[in-house]
Amino acid sequence: MLLGRLDNKIVEQTRLAIVDGISPIMEVVSRPAAGFNRIVDGISEQLHLRRELTRLEEENERLRQWQSVARRLEAENAAYRSLLSSKSDVVPSFVAARVIADAGAPFVRTVLLNAGHRDGIRRGQAVMNADGLVGRVSEVGKRSARVLLLSDLNSRVPVLNGTSLQRGVLSGDNSDWPTLVFLPSQAQVSPGDTIVTSGHGGVFPPGLPVGVVGLVRDGNVRVQPYVDWHRLEFVRVVRFDVPKLAPAGEELPVAEFE
Amino acid sequence: MTALAERAGSFGRLATPAFVTLLLVFFSLMPLNLPDSEIIMPPLALMAVFYWSIYRPDLLPAAAAFAAGLLFDLMSGGPLGLLAFVFVVVQAVAATQRRFFLGKVFPIEWLGFCIIALGAFVAMWILGSIYIGAFVKAGPLAIQALLTISLYPMMTWLMIRVRRAVSGI
(Lines give C-alpha, C1' and ligand atoms only; values in the text may rest on other atoms or scores of the structure.)
Protein backbone atom coordinates (compact mmCIF):
# COMPACT_ATOMS: atom_id res chain seq x y z
CA MET A 1 0.00 0.00 0.00
CA LEU A 2 2.85 2.33 0.80
CA LEU A 3 4.34 1.45 -2.55
CA GLY A 4 1.23 2.69 -4.22
CA ARG A 5 1.41 6.02 -2.46
CA LEU A 6 4.95 6.77 -3.56
CA ASP A 7 4.99 8.56 -6.91
CA ASN A 8 7.53 6.12 -8.19
CA LYS A 9 7.70 5.88 -11.96
CA ILE A 10 8.71 2.24 -11.91
CA VAL A 11 5.79 1.29 -9.69
CA GLU A 12 3.44 3.27 -11.91
CA GLN A 13 4.69 1.66 -15.07
CA THR A 14 4.52 -1.83 -13.61
CA ARG A 15 1.03 -1.20 -12.40
CA LEU A 16 -0.03 0.16 -15.79
CA ALA A 17 1.56 -2.74 -17.62
CA ILE A 18 -0.21 -5.33 -15.50
CA VAL A 19 -3.60 -3.65 -15.75
CA ASP A 20 -3.14 -3.15 -19.47
CA GLY A 21 -2.17 -6.75 -20.02
CA ILE A 22 -5.15 -8.07 -18.13
CA SER A 23 -7.67 -5.70 -19.65
CA PRO A 24 -8.50 -8.06 -22.55
CA ILE A 25 -9.72 -10.58 -19.98
CA MET A 26 -11.93 -7.96 -18.36
CA GLU A 27 -13.26 -7.06 -21.79
CA VAL A 28 -14.53 -10.57 -22.25
CA VAL A 29 -15.71 -10.98 -18.68
CA SER A 30 -17.61 -7.72 -18.72
CA ARG A 31 -19.71 -8.55 -21.74
CA PRO A 32 -22.28 -10.67 -19.87
CA ALA A 33 -22.65 -7.72 -17.54
CA ALA A 34 -24.26 -5.72 -20.31
CA GLY A 35 -26.84 -8.42 -20.88
CA PHE A 36 -27.44 -8.76 -17.17
CA ASN A 37 -27.81 -5.00 -16.82
CA ARG A 38 -30.45 -4.99 -19.52
CA ILE A 39 -32.43 -7.68 -17.77
CA VAL A 40 -32.23 -5.80 -14.48
CA ASP A 41 -33.23 -2.60 -16.24
CA GLY A 42 -36.20 -4.32 -17.83
CA ILE A 43 -37.40 -5.66 -14.50
CA SER A 44 -36.97 -2.40 -12.66
CA GLU A 45 -38.66 -0.53 -15.48
CA GLN A 46 -41.71 -2.73 -15.13
CA LEU A 47 -41.80 -2.16 -11.41
CA HIS A 48 -41.50 1.57 -11.67
CA LEU A 49 -43.40 2.46 -14.81
CA ARG A 50 -44.98 5.49 -13.28
CA ARG A 51 -41.73 6.77 -11.83
CA GLU A 52 -40.01 6.09 -15.12
CA LEU A 53 -42.65 8.05 -16.96
CA THR A 54 -42.21 11.03 -14.65
CA ARG A 55 -38.47 10.82 -14.99
CA LEU A 56 -38.66 10.73 -18.76
CA GLU A 57 -41.02 13.67 -18.83
CA GLU A 58 -38.69 15.69 -16.64
CA GLU A 59 -35.71 14.70 -18.75
CA ASN A 60 -37.58 15.69 -21.88
CA GLU A 61 -38.33 19.07 -20.38
CA ARG A 62 -34.73 19.55 -19.39
CA LEU A 63 -33.54 18.55 -22.84
CA ARG A 64 -35.94 20.97 -24.44
CA GLN A 65 -34.51 23.75 -22.29
CA TRP A 66 -31.04 22.73 -23.32
CA GLN A 67 -32.09 22.68 -26.92
CA SER A 68 -33.29 26.26 -26.77
CA VAL A 69 -30.14 27.35 -24.93
CA ALA A 70 -28.04 25.61 -27.55
CA ARG A 71 -29.91 27.28 -30.37
CA ARG A 72 -29.52 30.68 -28.80
CA LEU A 73 -25.83 30.19 -28.23
CA GLU A 74 -25.38 28.87 -31.73
CA ALA A 75 -26.97 31.98 -33.15
CA GLU A 76 -24.88 34.20 -30.87
CA ASN A 77 -21.71 32.43 -31.85
CA ALA A 78 -22.47 32.69 -35.52
CA ALA A 79 -23.08 36.41 -35.08
CA TYR A 80 -19.84 36.95 -33.15
CA ARG A 81 -17.86 34.86 -35.58
CA SER A 82 -19.01 36.84 -38.55
CA LEU A 83 -18.32 40.07 -36.65
CA LEU A 84 -14.79 39.04 -35.77
CA SER A 85 -14.15 37.03 -38.94
CA SER A 86 -12.54 34.44 -36.71
CA LYS A 87 -11.72 30.88 -37.65
CA SER A 88 -14.20 28.30 -36.48
CA ASP A 89 -13.39 26.26 -33.40
CA VAL A 90 -11.62 23.00 -33.85
CA VAL A 91 -14.27 20.31 -33.80
CA PRO A 92 -12.97 17.66 -31.45
CA SER A 93 -13.00 14.07 -32.57
CA PHE A 94 -13.94 11.20 -30.30
CA VAL A 95 -12.74 7.76 -29.44
CA ALA A 96 -15.56 5.42 -28.57
CA ALA A 97 -14.93 3.02 -25.72
CA ARG A 98 -16.74 0.73 -23.32
CA VAL A 99 -16.45 0.41 -19.57
CA ILE A 100 -14.92 -2.98 -18.81
CA ALA A 101 -14.25 -2.79 -15.09
CA ASP A 102 -15.81 -0.82 -12.29
CA ALA A 103 -15.13 -1.83 -8.74
CA GLY A 104 -17.38 0.93 -7.43
CA ALA A 105 -15.37 0.77 -4.24
CA PRO A 106 -16.14 3.49 -1.72
CA PHE A 107 -12.46 4.50 -1.78
CA VAL A 108 -12.15 5.62 -5.38
CA ARG A 109 -14.49 6.32 -8.24
CA THR A 110 -12.83 5.13 -11.41
CA VAL A 111 -13.67 2.92 -14.36
CA LEU A 112 -11.52 1.07 -16.85
CA LEU A 113 -12.04 1.51 -20.59
CA ASN A 114 -11.27 -0.92 -23.37
CA ALA A 115 -9.37 1.64 -25.47
CA GLY A 116 -5.89 2.95 -24.90
CA HIS A 117 -2.89 4.66 -26.39
CA ARG A 118 -3.12 2.75 -29.63
CA ASP A 119 -6.64 4.12 -30.11
CA GLY A 120 -5.55 7.70 -29.65
CA ILE A 121 -6.32 8.15 -25.98
CA ARG A 122 -4.00 10.32 -23.95
CA ARG A 123 -3.76 11.19 -20.31
CA GLY A 124 -5.92 14.13 -19.30
CA GLN A 125 -8.52 13.82 -22.02
CA ALA A 126 -12.13 14.46 -21.15
CA VAL A 127 -14.50 11.51 -21.16
CA MET A 128 -18.17 11.96 -21.95
CA ASN A 129 -21.21 9.88 -22.61
CA ALA A 130 -24.52 10.72 -24.19
CA ASP A 131 -25.63 12.54 -21.04
CA GLY A 132 -22.64 14.70 -20.23
CA LEU A 133 -19.14 14.83 -18.80
CA VAL A 134 -18.10 11.63 -17.07
CA GLY A 135 -14.57 12.36 -15.98
CA ARG A 136 -10.99 12.54 -17.09
CA VAL A 137 -8.45 10.00 -18.31
CA SER A 138 -5.95 9.50 -15.48
CA GLU A 139 -3.85 6.66 -16.85
CA VAL A 140 -3.34 5.21 -20.30
CA GLY A 141 -2.04 1.79 -21.25
CA LYS A 142 -1.61 0.42 -24.71
CA ARG A 143 -5.13 -0.98 -24.96
CA SER A 144 -6.86 0.26 -21.81
CA ALA A 145 -7.36 3.50 -19.97
CA ARG A 146 -8.47 4.48 -16.51
CA VAL A 147 -11.00 7.25 -16.06
CA LEU A 148 -11.23 9.33 -12.90
CA LEU A 149 -14.94 10.03 -12.51
CA LEU A 150 -16.23 13.48 -11.61
CA SER A 151 -17.44 12.08 -8.31
CA ASP A 152 -14.02 10.88 -7.20
CA LEU A 153 -12.34 12.56 -4.25
CA ASN A 154 -9.44 13.74 -6.40
CA SER A 155 -11.45 15.08 -9.31
CA ARG A 156 -11.24 18.81 -9.93
CA VAL A 157 -12.84 20.28 -13.03
CA PRO A 158 -12.91 24.00 -13.86
CA VAL A 159 -16.51 24.84 -14.69
CA LEU A 160 -18.73 27.71 -15.57
CA ASN A 161 -22.18 28.45 -14.25
CA GLY A 162 -24.02 28.81 -17.51
CA THR A 163 -26.75 30.87 -15.92
CA SER A 164 -24.75 33.40 -13.95
CA LEU A 165 -21.61 33.09 -16.08
CA GLN A 166 -19.42 32.73 -13.01
CA ARG A 167 -16.45 30.38 -12.84
CA GLY A 168 -15.80 27.77 -10.23
CA VAL A 169 -14.30 24.34 -9.70
CA LEU A 170 -16.26 21.12 -9.52
CA SER A 171 -14.78 19.07 -6.72
CA GLY A 172 -15.62 15.42 -6.12
CA ASP A 173 -15.90 13.86 -2.68
CA ASN A 174 -16.68 10.21 -3.48
CA SER A 175 -20.41 10.91 -3.36
CA ASP A 176 -22.77 10.95 -6.33
CA TRP A 177 -23.13 14.72 -6.41
CA PRO A 178 -19.84 16.70 -6.50
CA THR A 179 -19.55 20.11 -4.90
CA LEU A 180 -18.93 23.46 -6.53
CA VAL A 181 -16.13 25.42 -4.89
CA PHE A 182 -13.92 28.46 -5.41
CA LEU A 183 -16.77 30.61 -6.56
CA PRO A 184 -16.30 34.37 -6.49
CA SER A 185 -17.54 35.74 -3.18
CA GLN A 186 -20.52 37.53 -4.70
CA ALA A 187 -21.53 34.41 -6.57
CA GLN A 188 -25.21 33.84 -6.98
CA VAL A 189 -26.01 30.19 -7.35
CA SER A 190 -29.46 28.71 -7.38
CA PRO A 191 -30.77 25.21 -7.95
CA GLY A 192 -31.34 24.61 -11.61
CA ASP A 193 -28.34 26.60 -12.84
CA THR A 194 -26.64 24.72 -15.64
CA ILE A 195 -22.99 23.87 -15.20
CA VAL A 196 -20.61 23.41 -18.13
CA THR A 197 -16.85 23.11 -18.42
CA SER A 198 -15.14 26.46 -18.62
CA GLY A 199 -12.05 25.37 -20.49
CA HIS A 200 -10.06 27.31 -17.93
CA GLY A 201 -6.46 26.22 -17.74
CA GLY A 202 -6.78 24.28 -20.95
CA VAL A 203 -7.76 21.18 -19.04
CA PHE A 204 -10.99 20.41 -20.87
CA PRO A 205 -12.60 21.79 -23.96
CA PRO A 206 -15.06 24.47 -22.92
CA GLY A 207 -18.79 24.07 -23.06
CA LEU A 208 -19.10 20.38 -22.21
CA PRO A 209 -22.33 19.77 -20.28
CA VAL A 210 -21.66 18.75 -16.70
CA GLY A 211 -24.89 18.98 -14.75
CA VAL A 212 -27.27 21.26 -12.90
CA VAL A 213 -27.04 22.74 -9.45
CA GLY A 214 -28.91 20.34 -7.23
CA LEU A 215 -28.97 22.04 -3.89
CA VAL A 216 -27.52 25.07 -2.20
CA ARG A 217 -27.22 24.88 1.55
CA ASP A 218 -25.12 27.04 3.90
CA GLY A 219 -22.78 28.02 1.14
CA ASN A 220 -22.41 24.36 0.15
CA VAL A 221 -23.35 23.92 -3.49
CA ARG A 222 -23.95 20.43 -4.85
CA VAL A 223 -24.18 19.68 -8.53
CA GLN A 224 -26.31 16.91 -9.91
CA PRO A 225 -24.36 15.57 -12.89
CA TYR A 226 -26.21 14.81 -16.11
CA VAL A 227 -24.43 11.49 -16.11
CA ASP A 228 -26.15 8.67 -14.27
CA TRP A 229 -23.36 6.85 -12.45
CA HIS A 230 -25.39 3.68 -12.60
CA ARG A 231 -25.63 3.71 -16.37
CA LEU A 232 -22.02 3.94 -17.46
CA GLU A 233 -21.43 1.66 -20.37
CA PHE A 234 -20.45 3.39 -23.60
CA VAL A 235 -18.38 6.54 -23.47
CA ARG A 236 -16.55 8.88 -25.82
CA VAL A 237 -13.11 10.21 -25.11
CA VAL A 238 -12.63 13.72 -26.43
CA ARG A 239 -9.47 14.14 -28.46
CA PHE A 240 -8.86 17.75 -27.67
CA ASP A 241 -5.52 19.29 -28.41
CA VAL A 242 -4.66 22.09 -26.03
CA PRO A 243 -3.85 25.31 -27.90
CA LYS A 244 -0.12 25.69 -28.38
CA LEU A 245 0.32 28.25 -25.60
CA ALA A 246 0.82 25.51 -23.04
CA PRO A 247 3.37 22.69 -23.38
CA ALA A 248 1.81 19.84 -25.28
CA GLY A 249 0.09 18.14 -22.33
CA GLU A 250 1.99 16.20 -19.71
CA GLU A 251 2.24 12.56 -20.61
CA LEU A 252 3.63 9.76 -18.51
CA PRO A 253 5.64 7.38 -20.65
CA VAL A 254 3.08 4.83 -21.76
CA ALA A 255 3.77 1.28 -20.65
CA GLU A 256 4.87 -0.67 -23.66
CA PHE A 257 3.40 -4.07 -23.11
CA GLU A 258 3.94 -6.59 -25.85
CA MET B 1 2.19 -39.00 -23.98
CA THR B 2 -0.33 -40.14 -21.46
CA ALA B 3 2.11 -39.35 -18.67
CA LEU B 4 2.23 -35.75 -19.86
CA ALA B 5 -1.54 -35.57 -20.15
CA GLU B 6 -1.82 -37.07 -16.71
CA ARG B 7 0.56 -34.52 -15.31
CA ALA B 8 -1.28 -31.69 -17.03
CA GLY B 9 -4.53 -33.05 -15.69
CA SER B 10 -3.30 -33.31 -12.15
CA PHE B 11 -1.82 -29.83 -12.35
CA GLY B 12 -5.17 -28.56 -13.56
CA ARG B 13 -6.85 -30.19 -10.61
CA LEU B 14 -4.39 -28.83 -8.12
CA ALA B 15 -4.63 -25.35 -9.58
CA THR B 16 -8.41 -25.31 -9.29
CA PRO B 17 -8.71 -23.42 -6.00
CA ALA B 18 -6.33 -20.72 -7.20
CA PHE B 19 -8.05 -20.59 -10.58
CA VAL B 20 -11.52 -20.29 -9.05
CA THR B 21 -10.33 -17.53 -6.75
CA LEU B 22 -8.84 -15.70 -9.71
CA LEU B 23 -12.06 -16.08 -11.66
CA LEU B 24 -14.01 -14.59 -8.77
CA VAL B 25 -11.70 -11.60 -8.70
CA PHE B 26 -12.56 -10.94 -12.34
CA PHE B 27 -16.26 -11.36 -11.71
CA SER B 28 -16.20 -8.95 -8.80
CA LEU B 29 -14.81 -6.28 -11.14
CA MET B 30 -17.65 -6.54 -13.63
CA PRO B 31 -19.34 -3.22 -14.33
CA LEU B 32 -22.73 -4.23 -12.98
CA ASN B 33 -24.78 -1.08 -12.91
CA LEU B 34 -26.45 -1.71 -9.59
CA PRO B 35 -29.22 0.81 -9.18
CA ASP B 36 -28.15 2.17 -5.84
CA SER B 37 -24.87 3.83 -4.96
CA GLU B 38 -25.07 2.31 -1.53
CA ILE B 39 -24.86 -1.20 -2.97
CA ILE B 40 -21.38 -2.26 -4.02
CA MET B 41 -20.27 -5.55 -5.51
CA PRO B 42 -18.97 -7.71 -2.68
CA PRO B 43 -15.42 -9.09 -2.86
CA LEU B 44 -16.42 -12.55 -4.03
CA ALA B 45 -12.88 -13.84 -3.89
CA LEU B 46 -12.85 -13.26 -0.11
CA MET B 47 -15.23 -16.17 0.36
CA ALA B 48 -13.13 -18.40 -1.85
CA VAL B 49 -9.97 -17.52 0.07
CA PHE B 50 -11.69 -18.37 3.34
CA TYR B 51 -13.16 -21.62 2.06
CA TRP B 52 -10.02 -22.99 0.47
CA SER B 53 -7.84 -21.91 3.36
CA ILE B 54 -9.88 -24.22 5.55
CA TYR B 55 -10.21 -27.20 3.25
CA ARG B 56 -7.07 -27.11 1.13
CA PRO B 57 -4.61 -24.54 2.47
CA ASP B 58 -1.86 -26.35 0.60
CA LEU B 59 -3.52 -25.43 -2.70
CA LEU B 60 -4.15 -21.80 -1.80
CA PRO B 61 -1.05 -20.59 -0.01
CA ALA B 62 -0.57 -17.09 1.28
CA ALA B 63 1.20 -16.11 -1.94
CA ALA B 64 -1.89 -17.03 -3.99
CA ALA B 65 -4.16 -15.07 -1.67
CA PHE B 66 -1.84 -12.10 -1.90
CA ALA B 67 -1.73 -12.31 -5.70
CA ALA B 68 -5.51 -12.46 -5.95
CA GLY B 69 -5.95 -9.46 -3.68
CA LEU B 70 -3.25 -7.52 -5.48
CA LEU B 71 -4.89 -8.23 -8.82
CA PHE B 72 -8.16 -6.82 -7.57
CA ASP B 73 -6.42 -3.73 -6.20
CA LEU B 74 -4.65 -3.14 -9.50
CA MET B 75 -7.76 -3.52 -11.64
CA SER B 76 -10.11 -1.60 -9.38
CA GLY B 77 -7.89 1.44 -9.06
CA GLY B 78 -8.34 1.42 -5.33
CA PRO B 79 -5.64 1.63 -2.65
CA LEU B 80 -2.87 -0.63 -3.83
CA GLY B 81 -2.35 -3.55 -1.51
CA LEU B 82 -5.54 -3.08 0.50
CA LEU B 83 -7.25 -6.27 -0.53
CA ALA B 84 -3.94 -8.05 -0.94
CA PHE B 85 -3.29 -7.45 2.74
CA VAL B 86 -6.82 -8.41 3.77
CA PHE B 87 -6.74 -11.64 1.75
CA VAL B 88 -3.41 -12.68 3.24
CA VAL B 89 -4.67 -12.09 6.77
CA VAL B 90 -7.90 -13.99 6.09
CA GLN B 91 -5.90 -16.85 4.61
CA ALA B 92 -3.62 -16.94 7.64
CA VAL B 93 -6.46 -16.83 10.15
CA ALA B 94 -8.52 -19.45 8.33
CA ALA B 95 -5.58 -21.77 7.80
CA THR B 96 -4.50 -21.66 11.43
CA GLN B 97 -8.05 -22.10 12.71
CA ARG B 98 -9.03 -24.82 10.29
CA ARG B 99 -8.86 -27.59 12.85
CA PHE B 100 -11.69 -25.84 14.64
CA PHE B 101 -13.86 -25.72 11.51
CA LEU B 102 -13.23 -29.14 10.04
CA GLY B 103 -15.93 -31.60 10.93
CA LYS B 104 -18.30 -29.01 12.33
CA VAL B 105 -21.71 -28.34 10.86
CA PHE B 106 -22.06 -25.61 8.27
CA PRO B 107 -23.60 -22.89 10.49
CA ILE B 108 -20.45 -22.91 12.61
CA GLU B 109 -18.33 -22.38 9.54
CA TRP B 110 -20.67 -19.61 8.41
CA LEU B 111 -20.46 -17.92 11.78
CA GLY B 112 -16.71 -18.11 11.62
CA PHE B 113 -16.83 -16.51 8.22
CA CYS B 114 -19.12 -13.76 9.51
CA ILE B 115 -16.65 -12.83 12.21
CA ILE B 116 -13.68 -12.89 9.90
CA ALA B 117 -15.50 -11.00 7.15
CA LEU B 118 -16.57 -8.31 9.61
CA GLY B 119 -12.98 -7.99 10.73
CA ALA B 120 -11.89 -7.75 7.10
CA PHE B 121 -14.35 -4.97 6.35
CA VAL B 122 -13.42 -3.00 9.44
CA ALA B 123 -9.78 -3.29 8.38
CA MET B 124 -10.71 -2.13 4.88
CA TRP B 125 -12.58 0.83 6.30
CA ILE B 126 -9.70 1.90 8.52
CA LEU B 127 -6.94 1.32 6.00
CA GLY B 128 -8.94 2.85 3.17
CA SER B 129 -9.67 5.94 5.21
CA ILE B 130 -6.01 6.34 6.05
CA TYR B 131 -5.08 5.97 2.40
CA ILE B 132 -7.46 8.59 1.03
CA GLY B 133 -6.95 10.85 4.01
CA ALA B 134 -10.62 11.15 4.86
CA PHE B 135 -13.15 8.96 6.59
CA VAL B 136 -14.79 6.65 4.11
CA LYS B 137 -18.54 6.41 4.55
CA ALA B 138 -19.23 3.31 6.57
CA GLY B 139 -22.72 2.79 5.11
CA PRO B 140 -21.81 1.25 1.73
CA LEU B 141 -19.12 -0.89 3.37
CA ALA B 142 -21.60 -2.18 5.94
CA ILE B 143 -24.03 -3.14 3.20
CA GLN B 144 -21.20 -4.76 1.27
CA ALA B 145 -20.29 -6.76 4.38
CA LEU B 146 -23.88 -7.92 4.82
CA LEU B 147 -24.05 -8.95 1.17
CA THR B 148 -20.81 -10.85 1.47
CA ILE B 149 -21.97 -12.71 4.54
CA SER B 150 -25.32 -13.65 3.03
CA LEU B 151 -23.68 -14.87 -0.17
CA TYR B 152 -21.35 -17.26 1.65
CA PRO B 153 -23.72 -20.28 1.73
CA MET B 154 -24.20 -20.04 -2.01
CA MET B 155 -20.46 -19.77 -2.52
CA THR B 156 -19.88 -22.84 -0.38
CA TRP B 157 -22.45 -24.76 -2.42
CA LEU B 158 -20.63 -23.70 -5.57
CA MET B 159 -17.26 -24.75 -4.19
CA ILE B 160 -18.61 -28.14 -3.22
CA ARG B 161 -19.86 -28.63 -6.76
CA VAL B 162 -16.46 -27.62 -8.08
CA ARG B 163 -14.76 -30.13 -5.82
CA ARG B 164 -17.08 -32.89 -6.95
CA ALA B 165 -16.43 -32.04 -10.59
CA VAL B 166 -12.71 -31.92 -10.12
CA SER B 167 -11.86 -35.18 -8.41
CA GLY B 168 -9.13 -35.41 -5.88
CA ILE B 169 -9.44 -32.13 -4.05
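Model, not experiment: these values are computed from the prediction.

Description of the overall build of chain B
Next, step 1: Within chain B, the regular secondary structure consists of seven helices and zero strands.
Next, step 2: For chain B, the α and β elements follow one another from N to C terminus as α-α-α-α-α-α-α.
Next, step 3: Relative to the 2.2 N^0.38 estimate, which gives 15 Å for 169 residues, the radius of gyration of chain B is 17 Å and therefore close to what a compact globule would have.
Next, step 4: Counting only C-alpha atoms, chain B reaches 60 × 35 × 30 Å along its principal axes.
Next, step 5: The 169 residues of chain B split such that 47% are buried.
Next, step 6: Pairs at least 24 apart in sequence give 72% of the contacts found in chain B among residues at least 6 apart.
Next, step 7: Total accessible area on chain B stands at roughly 8000 Å², and carbon and sulfur atoms take up 75% of it.
Next, step 8: The averaged location of the 6 negative side-chain charges in chain B is 12 Å from the averaged location of its 10 positive side-chain charges.

Details of the confidence of the model for chain A
Next, step 1: Taken over all residues, the pLDDT of chain A has a mean of 81, while the share at 70 or more is 85%.
Next, step 2: For chain A, the element scoring lowest by mean pLDDT is helix H1 (residues 2–5) of chain A, at 54; strand E5 (residues 145–149) of chain A scores highest, at 93.

Considerations on the sheet that holds E5(A)
Residues and elements named next belong to chain A.
Next, step 1: Here six strands make up a closed barrel; going around it, the order is E1-E2-E5-E4-E3-E12 and the pairing antiparallel. Sheet twist, expressed as the average angle between the axes of neighbouring strands with direction ignored, equals 45°.
Next, step 2: Of the strand pairs in this sheet, strand E3 (residues 126–128) and strand E12 (residues 234–239) are connected by two bridges, and their pairing is antiparallel. Of the residues in E12, the one forming a bridge with Met128 is Arg236.

Overview of the interface of chain B and chain A
Next, step 1: Each partner contributes residues to the interface: chain B has 31 residues there, and chain A has 36 residues.
Next, step 2: Between chain B and chain A the total buried area reaches about 3100 Å² when both faces are included, carbon and sulfur atoms providing 70% of it.
Next, step 3: On inspection of chain B and its partner chain A, the count reaches zero salt bridges.
Next, step 4: Connecting chain B to chain A are four residue pairs in polar contact (both at pLDDT 80 or more).
Next, step 5: Put simply, the parts of the chain that give the side of chain B that touches chain A at least two residues each are helix H1 (2–28), helix H3 (62–76) and helix H6 (106–132) of chain B.

Topic: the pairing of strand E11 (residues 220–225) of chain A
Residue and element names in this part refer to chain A.
Next, step 1: Only one face of E11 is buried: it carries Val221, Val223 and Pro225, and the other face, with Asn220, Arg222 and Gln224, is open.
Next, step 2: Examined bridge by bridge, strand E8 (residues 179–181) and E11 share two bridges and lie antiparallel to one another. Its bridge partner lying in E11, Thr179 is registered against Arg222.
Next, step 3: As paired strands, strand E10 (residues 209–217) and E11 are joined by six bridges and run antiparallel to one another. Counterpart to Val216 in the pairing with E11 is Val221.
Next, step 4: Between E10 and E11, which pair antiparallel and follow one another directly, the connecting turn spans two residues, one of which, Asp218, has a positive phi of 50°.

Details of the packing of helix H2 (residues 44–55) of chain B against helix H4 (residues 82–96) of chain B
All names here are of chain B.
Next, step 1: Two numbers describe how H2 lies on H4: the axes approach to 8 Å, and their chain directions differ by 30°. As far as their axial angle goes, H4 and H2 are roughly parallel. As H2 runs across H4, the sense of the crossing is right-handed. Judged by residue contacts, Ala45, Leu46, Val49, Phe50, Ser53 and Ile54 of H2 engage Val86, Phe87, Val90, Gln91, Ala94 and Ala95 from H4.
Next, step 2: Class assignment of the residues belonging to the contact of H2 with H4 gives a composition of 10 nonpolar, two polar and no charged.

Focus on the packing of H2(B) against helix H7 (residues 138–165) of chain B
When two helices pack together, their arrangement is given by the angle between the helix axes and the distance between those axes.
Residue and element names in this part refer to chain B.
Next, step 1: Taken N-terminus to C-terminus, the directions of H2 and H7 make an angle of 55°; their axes are 9 Å apart at the nearest point. It follows that H2 is oblique to H7 by the angle criterion. Crossing geometry of H2 relative to H7 is assigned as right-handed. Here Leu44, Leu46, Met47, Ala48, Phe50, Tyr51, Trp52 and Tyr55 of H2 come into contact with H7, specifically with Thr148, Leu151, Tyr152, Met155, Thr156, Met159, Ile160 and Arg163.
Next, step 2: Counted by class, the contact of H2 with H7 contains 13 nonpolar, two polar and one charged residues.

Observations regarding H2(B)
Residues and elements named next belong to chain B.
Next, step 1: Spanning 12 residues, H2 covers 17 Å between terminal C-alpha atoms, matching the ideal 16 Å at 1.5 Å per step.
Next, step 2: When you tally the buried positions in H2, you get 11 out of 12 residues, the bulk of the element.
Next, step 3: Buried residues of H2: Leu44, Ala45, Leu46, Met47, Ala48, Val49, Phe50, Tyr51, Trp52, Ser53 and Ile54, and no others.

As for unusual backbone geometry
All names here are of chain A.
Next, step 1: Despite not being glycine, Asn174 shows a phi value in the positive range, around 65°.
Next, step 2: As for its position among the elements, Asn174 is in the loop between strand E7 (166–171) and E8.
Next, step 3: Take Asn174: its relative accessible area is 9%, and that puts it in the buried class.

Description of the packing of aromatic side chains
The relation between two aromatic rings is expressed through the spacing of the ring centres and the mutual angle of the planes.
Residues and elements named next belong to chain B.
Next, step 1: Across all of its chains, the model carries 11 aromatic pairs over all chains by this definition.
Next, step 2: Consider the rings of Phe106 and Trp110, whose centres lie 6.0 Å apart with planes at 25°: the pair is stacked. With Phe106 and Trp110 both in helix H6, this residue pair falls four residues apart, about one helical turn.
Next, step 3: Judged by its relative accessible area of 29%, Phe106 falls in the partly exposed class.

A short note on the sheet that holds strand E6 (residues 156–161) of chain A
Next, step 1: Within the closed barrel, the six strands sit side by side as E6-E7-E8-E11-E10-E9 (chain A). Their pairing is antiparallel. This sheet shows a mean twist of 45° between the axes of neighbouring strands, independent of strand direction.

A look at the side chain of A:Ser144
All names here are of chain A.
Next, step 1: Looking at the element boundaries, Ser144 is found in the loop between strand E4 (133–140) and E5.
Next, step 2: Residue Ser144 is classed as buried on the basis of its relative accessible area of 4%.
Next, step 3: A polar contact of 2.7 Å, which involves the side chain of Ser144, links it to the side chain of Asp20.

Quick notes on the rules
- Residues numbered from 1 in each chain as written.
- Chains lettered and ligands numbered in written order.
- Predicted model: local features only at pLDDT ≥ 70, side-chain atom pairs only at ≥ 80, totals over all residues.
- Heavy atoms only, no water.
- Helix = DSSP H or I, 4+ residues; strand = E, 2+ residues; numbered from the N terminus.
- Rg over C-alpha atoms; globule rule 2.2 N^0.38 Å.
- Buried < 20%, exposed > 50% of the residue type's maximum accessible area, 1.4 Å probe, protein only.
- Contact = heavy atoms within 4.5 Å.
- Areas by Shrake-Rupley, 256 points an atom, 1.4 Å probe, with all protein chains shown as cover.
- Lys, Arg positive; Asp, Glu negative; His and termini not counted.
- Charge placed at Lys NZ, Arg CZ, Asp CG, Glu CD.
- pLDDT = per-residue confidence, 0-100.
- Pairing = 2+ DSSP bridges.
- Axes fitted to C-alpha atoms, helices over the stretch in contact; angles between N-to-C directions.
- Buried area = accessible area lost by both parts, 1.4 Å probe.
- Salt bridge = Lys/Arg side-chain N within 4 Å of Asp/Glu carboxyl O.
- Polar contact = N/O pair within 3.5 Å; in protein donor to acceptor, adjacent residues only side chain to side chain.
- Parallel < 35°, antiparallel > 145°, perpendicular 65-115°, else oblique.
- Left-handed = near helix turned anticlockwise from the far one by under 90°.
- Nonpolar A, V, L, I, M, F, W, Y, C, P; charged D, E, K, R; others polar.
- Expected span 1.5 Å × (residues − 1).
- Phe/Tyr/Trp six-rings, centres within 6.5 Å; stacked < 30°, edge-to-face > 60°.

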